[in-house]
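Coordinates in review
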Amino acid sequence: QAVVRPRPTPSPLRFSKFFQANMRILVSGGAGFIGSHLVDKLMENEKNEVIVVDNFFTGSKDNLKKWIGHPRFELIRHDVTETLLVEVDQIYHLACPASPIFYKYNPVKTIKTNVIGTLNMLGLAKRVGARILLTSTSEVYGDPLQHPQTEEYWGNVNPIGVRSCYDEGKRVAETLMFDYHRQHGIEIRIARIFNTYGPRMNIDDGRVVSNFIAQAIRGEPLTVQAPGTQTRSFCYVSDMVDGLIRLMEGENTGPINIGNPGEFTMMELAENVKELINPNVPVKIVENTPDDPRQRKPDITKAKELLGWEPTVTLREGLPLMEDDFRQRLGVPSKQSS
Ligand code: NAD
Ligand code: UDP
Ligand code: UDP
């Protein structure tokens, strides 16, 4: 029989709301792609104070430059595998390299980040009585045998493959979240994020959207990995951030899929990038990497019902929104200004 333990006392900072309305929010991995867009959105609310911790492995201060020096913002260089002592009301725990090139670069560090990093964030949440949201991933479904994937599906994951540090790491992170919830009464939220794209994606991280946009801008062939019929569903980053905040503010622990159910083959994605960014580039089929999931598409019924959330930006609307940011970072001016 399950032992029911008392909930920890909520953070004194929560009660401080009666005296000062501010909510103090920690964003781990806030210097990264999704994290920095989340910080932008949280900072729009004048009642929020935001603390970012990041070790800058894949993230960058540049992504946060407009907030550095702001009185409601703090940036701390910190590795989540180490103990962290801060006083906060909410924790968005994103810290973890997300692209295969980076998470395979040092797989032992990736799994430490997922396991020890999440344990530390949970220990912190327990000590201060904060609510904590984990950005898990559609990769917990592995190479799925159910399509589209609902939250009830347990996944088809290789425990000893080259992606395991990431997908098994996130599965353990989810387990830790639920064990802290059941055993210590911590308020948890778990988002299972599906492929997300938008400005500030790392240019060299090998992800398909950033690769294709950079290739189209540089006038290079778009590298479709064989067979090109594998599918993904791409969510624009502003929709993602909106979903994460709704999940944090709502009453459901999750896990909840957050993604755009519009499903495209990699060949279709290449054709769209070609048409929208540079019609003159060819498409080239190249070798794929091991364990590449053949199809992936979220079932977002739960997000719609429980969060009142669904994506609003289509792929064809979102792709052109990345062009200016990529041109600027690649140093390739647009045709009009050249
Ligand atoms: P990102 O690589 O841009 O951001 C991750 C951030 O975490 C970076 O700023 C990095 O420097 C930081 N970080 C990594 N290890 C750290 C450590 N040990 N200590 C402190 N900071 C550390 O990736 P992203 O796309 O913004 O992803 C953010 C989160 O969303 C990740 O948890 C990722 O697993 C999840 N996610 C992303 C996608 C996607 O399509 N982008 C899909 C599924 C899940
Ligand atoms: N922890 C942290 N900040 C805190 C509280 C805890 O980083 O404010 C870390 C702590 O170092 C520990 C982990 O979170 O390794 C888990 O903490 P918990 O209290 O749950 O477990 P214990 O310390 O009893 O092992
Ligand atoms: N992919 C591709 N060309 C590239 C990079 C990736 O065709 O230049 C394919 C890859 O084989 C995979 C899909 O795009 O099927 C998505 O890969 P990504 O690394 O972006 O994300 P993930 O596999 O984590 O979903």
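Please read these numbers as outputs of a predicted model, since none were measured by experiment. (Residues numbered from 1 in each chain as written. Chains lettered and ligands numbered in written order. Predicted model: local features only at pLDDT ≥ 70, side-chain atom pairs only at ≥ 80, totals over all residues.)

Topic: the overall build of the protein
The test is simple: A helix here means a DSSP run of H or I that spans at least four residues, while a strand means a run of E at least two residues long, and both kinds are numbered starting from the N terminus. Only the C-alpha atoms count toward the radius of gyration. The rule for a globule is 2.2 Å times the residue count to the power 0.38. Our exposure labels follow a C-beta count within 10 Å of each residue's own C-beta, placed from the backbone: buried means 20 or more other C-beta atoms, exposed means 12 or fewer, and partly exposed covers the counts in between. This entry defines residue contacts through backbone-placed C-beta atoms, with two residues in contact when those atoms are within 7 Å.
The number of helices and strands found in the protein is eleven helices and 13 strands. Expected size for 338 residues packed as a compact globule is a radius of gyration near 20 Å; at 20 Å, the protein falls within 12% of this value. Seen through its principal axes, the protein has C-alpha atoms that stretch 60 × 50 × 40 Å. Going through the 338 residues of the protein one by one, you find that 45% of them count as buried. If you take every contact in the protein between residues at least 6 apart in sequence, the share linking residues at least 24 apart comes to 82%.

Quick word on the UniProt feature "domain: NAD(P)-binding" (unreviewed entry) in the protein
This is how the line gets drawn: UniProt positions are given in the numbering used here, feature names are shortened, and annotations may be inferred rather than shown by experiment.
The residues that UniProt annotates with the feature "domain: NAD(P)-binding" (unreviewed entry) are residues 26–320. In this annotation, residues 26–320 is assigned 37% helix and 18% strand; the end-to-end C-alpha distance for the span is 31 Å.

Things to note about the site of ligand 2
What counts is decided by this rule: To decide nearness, the C-beta atom of each residue is placed from the backbone, and the residue is near a molecule or strand if that atom lies within 6 Å of it. The nonpolar class holds Ala, Val, Leu, Ile, Met, Phe, Trp, Tyr, Cys and Pro. Asp, Glu, Lys and Arg form the charged class, and all remaining residues, Gly among them, are polar.
With respect to spatial proximity, the complete set of residues near ligand 2 consists of Thr 83, Leu 84, Leu 85, Leu 119, Asn 120, Gly 123, Leu 124, Lys 126 and Arg 127. Split into classes, the residues belonging to the shell around ligand 2 amount to four nonpolar, three polar and two charged.

Focus on the site of ligand 1
Close to ligand 1 lie 28 residues, the nearest being Gly 29, Gly 32, Thr 58, Gly 59 and Ala 98. Looking at the shell around ligand 1, the elements that each hand over two or more residues are α2 (33–44), α4 (107–128) and β5 (131–137). Here the element with the most residues in the shell around ligand 1 is α2; it accounts for three residues. The residue makeup of the shell around ligand 1, split by class, is twelve nonpolar, 14 polar and two charged.

Some points on the nonpolar core
So the rule is basically this: Think of a nonpolar core as buried Ala, Val, Leu, Ile, Met, Phe, Trp, Tyr and Cys residues, each tied to the set through C-beta atoms within 7 Å.
Ranked by size, the top nonpolar core spans 75 residues in total, and within it Ile 132 and Ile 213 carry the most contacts. Counting residues per element, this core draws most heavily on helix α6 (residues 208–218), at seven residues.

Let's talk about the sheet that holds strand β6 (residues 188–193)
The test is simple: In short, DSSP must find at least two bridges between two strands for them to pair. Every axis corresponds to a line fitted to the C-alpha atoms, with the helix fit spanning only the stretch in contact, and the corresponding angles, defined between N-to-C directions, vary from 0 to 180 degrees.
Taken together, seven strands build an open sheet; the order of strands is β3-β2-β1-β4-β5-β6-β11 and the sheet is parallel. Two strands bound the open sheet, and with one partner strand each, they are β3 (73–77) and β11 (256–258). Averaged over all pairs of adjacent strands, the angle between strand axes in this sheet comes to 20°, irrespective of strand direction. Contacts from α4 reach β1 (23–28), β4 (90–93) and β5 within the one sheet, and its direction differs from that of β4 by about 175°.

Describing α4
Filter applied, for reference: Any helix carries an expected span of 1.5 Å times its number of residues minus one. The quantity called bend is, for any residue, the angle between two axes fitted respectively to the seven residues ending at it and the seven beginning at it.
With 22 residues, α4 should reach 32 Å at 1.5 Å per residue; the first-to-last C-alpha distance of 31 Å fits that figure. Along α4, the helix axis deviates most sharply at Thr 113, where the bend reaches about 30°. Among the residues of α4, those classed as buried are Thr 110, Ile 111, Thr 113, Asn 114, Gly 117, Thr 118, Met 121, Leu 122, Leu 124, Ala 125 and Val 128. Check the buried side of α4 and you find it contacts β1, β4, α3 (100–105), β5 and α5 (164–184). Residue Gly 129 follows α4 closely and has a positive phi angle near 70°.

Some thoughts on the packing of α4 against α5
The cut-off we apply is this: Angular relationships are summarised with four words: roughly parallel below 35 degrees, roughly antiparallel beyond 145, roughly perpendicular across 65 to 115, and oblique for the angles in between. Each crossing is labelled by how the near helix is turned from the far one, with a counterclockwise turn of less than a right angle marking it left-handed and a clockwise turn marking it right-handed.
Following both chains from N to C, one finds α4 and α5 inclined at 15°, their axes separated by 9 Å at the closest point. One finds that α4 runs roughly parallel with respect to α5. Taken as a pair, α4 and α5 cross one another with a handedness that is right-handed. For the pair formed by α4 and α5, the contact residues are Pro 107, Thr 110, Ile 111, Asn 114, Val 115, Thr 118, Leu 119, Leu 122 and Lys 126 on the first element and Cys 165, Tyr 166, Gly 169, Lys 170, Val 172, Ala 173, Leu 176, Met 177, Tyr 180 and His 184 on the second. Looking at the contact of α4 with α5 residue by residue, the classes come out as twelve nonpolar, five polar and two charged.

Regarding the packing of α6 against helix α8 (residues 266–277)
For the pair α6 and α8, the least separation of the axes is 10 Å and the interaxial angle reads 35°. Crossing angle aside, the handedness with which α6 passes α8 is right-handed. The segment α6 lies against α8, with Val 208, Phe 212, Ile 213, Ala 216 and Ile 217 engaging Met 266, Leu 269, Ala 270, Val 273, Lys 274 and Ile 277.

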